[in-house]
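Chain and residue survey
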Amino acid sequence: MSATVLLGATLGTVSGVLTLCGLSLLCKSCKKGKLERGDDTDPEKAKPSILHTLTLFSVQKLTEPIQPQASLKFPKLYWPKPSVPSQEVINYKDHGAAGDTSPAQLDTCNQATGCDEVFSLPRQASADETPCVSEQTGVMTKSNSILYPKLHFSINLRKESGELHINMIEAENISVDSGCEGYISGCVRIAEEQKHAQTAVHKLAGWVQWGEELVFVLPLDGTEGAGGLDGEVALSLHCCDRFSHNSTLGTMRFKLADVSMMLDADCWVDLQPPKQVTSSAGELLLSLSYLPAANRLGVVVMKARGLLSDKLKDNIDLSVKLTLKHQNTKLKKKQTRRVKHKINPVWNEMMMLELPSELLPKSSIELEVLNLASPDTLLPLGRCTLGIHTSGTGLQHWKQMLDNPRKQIAMWHPLYA
């Protein structure tokens with residue numbers, strides 16, 4: 001009896017174990033079949049497991065080195081454009097000696113430091129592009145072109161008496177100091193003979209009304225009139241200050257043969273600045289910029305050329321002295337380093353001058369090239385002046401600087417003894 005019970009228990013245990021093993025094998029096979037069917041039909045719905053992951057990585061080996069990307073973005077840069085044509089307006093990229101530092105970087109450095117020391121720019125033999133930032137401010141009044149004085153007059157020819165009447169009506173765009181007086185002079189030149197006449201003296205302002213006539217007696221034929229005469233007429237606007245120093249603000253000329261076309265007509269003419277009659281002692285390359293926010297004037301003394309002078313025979317030791325003036329008062333003086341043994345010296349030095357914007361119309365800068373002939377002797381070779389009351393390249397450069405604040409404007413200036 002006991003043997004029968006023991007045998008039944010053993011068979012039951014074995015059958016249970018076999019049943020459990022069969023069930024486990026069936027579950028594994030079913031699970032494996034479901035996973036395989038799921039991978040073939042919809043891989044996106046498959047659940048993550050050790051054998052199957054949702055993220056598939058694709059690793060590719062690159063032979064090129066990986067360059068880091070810059071996180072800073074630089075501002076947009078523009079080239080400087082002169083507002084009017086001048087004798088010679090250049091960019092820094094045309095002159096390799098101008099240095100490796102751009103005017104835009106100098107402008108930023110000047111605003112950041114705000115100091116009055118002299119900065120020396122590095123020199124480099126190769127040319128480098130130096131763009132300028134075109135950021136405009138509304139502190140200063142801008143003009144699209146240089147405003148020369150304008151003269152309004154009319155012409156009347158009386159053939160019976162042979163008189164040429166030039167009626168001076170008015171003048172405008174006159175830039176002078178307050179309190180200055182002026183007059184208009186006329187000159188008729190026929191062959192070797194010259195005849196002069198002038199108006200009364202009036203107080204000068206931006207607009208002046210004359211209403212006077214200049215009368216000239218001409219040797220007319222009666223048949224051909226003034227058209228048969230070979231000569232010219234010159235009209236000039238003069239300024240005289242309180243020290244009785246006369247200066248010419250502008251001149252215009254026309255031929256006597258053209259008088260017949262100008263009769264009884266209102267003529268508006270731009271007066272051209274007078275030409276320098278003295279011979280040039282060389283040229284000096286300068287760059288100007290004005291920072292309205294900091295009230296600072298930046299002058300870069302770049303280089304000189306064509307310094308023809310007898311004072312350079314014994315010793316060559318050249319420097320440039322800068323003087324800032326307000327009317328006739330000297331406000332500041334600075335001087336560059338000396339360059340030895342070079343007839344065409346290169347300085348590339350920036351000088352920062354503190355100058356409020358309200359003083360700009362009556363201020364000027366004077367630059368003089370000096371040669372140290374001996375330890376105690378400084379000989380001047382030539383000078384140039386830049387300001388609103390000057391003429392030629394000095395006036396053009398100054399007005400271009402006013403029209404383009406925060407821009408570096410470069411120009412050659414002739415030097416006069």
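Residues numbered from 1 in each chain as written. Predicted model: local features only at pLDDT ≥ 70, side-chain atom pairs only at ≥ 80, totals over all residues. Heavy atoms only, no water.

Per an unreviewed UniProt entry, the protein chain goes by the name Synaptotagmin-13 Synaptotagmin XIII and belongs to Triplophysa tibetana. You can read under Sequence similarities (unreviewed entry) in the UniProt record for the protein chain the words "Belongs to the synaptotagmin family." (UniProt positions renumbered as here; feature names shortened; annotations may be inferred.)

For the rest of this paragraph, the subject is the confidence of the model for the protein chain. Residues with a pLDDT of 70 or more make up 68% of the protein chain, whose mean pLDDT is 76. For residues 82-145, every residue scores under 50 in pLDDT, and the model assigns this stretch 148 contacts once sequence neighbours within four places are set aside. (pLDDT = per-residue confidence, 0-100. Contact = heavy atoms within 4.5 Å.)

The strand order β8-β4-β3-β11 describes an open sheet built from four strands, whose pairing is antiparallel. Since the sheet does not close on itself, it has two edges, and those belong to β8 (207-217) and β11 (267-270), each with one partner. Along the sheet, successive strands turn relative to each other by an average axial angle of 25°, direction set aside. Pairing of strand β3 (residues 150-158) with β11 involves four bridges; the strand directions are antiparallel. If you follow Phe153 over to β11, its bridge partner there is Cys267. (Pairing = 2+ DSSP bridges. Helix = DSSP H or I, 4+ residues; strand = E, 2+ residues; numbered from the N terminus. Axes fitted to C-alpha atoms, helices over the stretch in contact; angles between N-to-C directions.)

It is worth spelling out the pairing of strand β15 (residues 329-335) at this point. Bridging between strand β14 (residues 317-326) and β15 involves six bridges; their strand directions are antiparallel. Bridge pairing in β15 places Lys321 opposite Gln335.

Here the focus is the pairing of β14. Strand residues, when the strand is regular, have side chains that alternate between the two faces of the sheet. With eight of ten residues buried, β14 is to be regarded as a mostly interior element. Judged from the two bridges that link them, β14 and strand β16 (residues 339-340) form a sheet pairing that is antiparallel. Opposite Leu318, over in β16, you have Val339 as the bridge partner. In the sheet, β14 pairs with strand β18 (residues 363-374) via nine bridges, with the strands oriented antiparallel. Counterpart to Lys321 in the pairing with β18 is Glu368. Between β14 and the antiparallel strand that follows it, β15, lie two residues; Gln327 among them carries a positive phi value of about 60°. (Buried < 20%, exposed > 50% of the residue type's maximum accessible area, 1.4 Å probe, protein only.)

For the structure shown, the criterion picks out nine salt bridges. Its salt-bridge partner being Arg338, residue Asp317 comes within 3.2 Å of it at the nearest N-O pair. Taken together, the residues Asp317 in strand β14 and Arg338 in the loop between β15 and β16 connect sequence positions 21 residues apart. Look at Arg338 and you get partly exposed, because its relative accessible area is 48%. Arg383 is paired through a salt bridge with Glu368; the nearest N and O atoms lie 2.8 Å apart. In this pair, Arg383 is assigned in strand β19 (residues 377-387) and Glu368 in strand β18, connecting sequence segments 15 residues apart. On the accessibility criterion, Arg383 (35% relative accessible area) is partly exposed. Each of the salt bridges in this network shares a partner with another, and the network as a whole consists of Lys321, Lys325, Glu366, Glu368 and Arg383. (Salt bridge = Lys/Arg side-chain N within 4 Å of Asp/Glu carboxyl O.)

Glancing now at the packing of aromatic side chains. This structure, assessed with the given rule, holds one aromatic pair. Relative to Phe254, the ring of Phe153 has its centre 6.3 Å away and its plane inclined at 15°; by these criteria the two rings are stacked. Residue Phe153 is found in strand β3, and its partner Phe254 is found in strand β10 (residues 246-255); the two are separated by 101 residues along the sequence. Look at Phe153 and you get buried, because its relative accessible area is 0%. Overall, Phe254 belongs to the buried group, its relative accessible area being 8%. Above the face of the Trp412 ring, Arg305 is positioned so that its terminal group lies 3.8 Å from the ring centre. (Phe/Tyr/Trp six-rings, centres within 6.5 Å; stacked < 30°, edge-to-face > 60°. Lys NZ or Arg CZ within 6 Å of the ring centre and 35° of its normal.)

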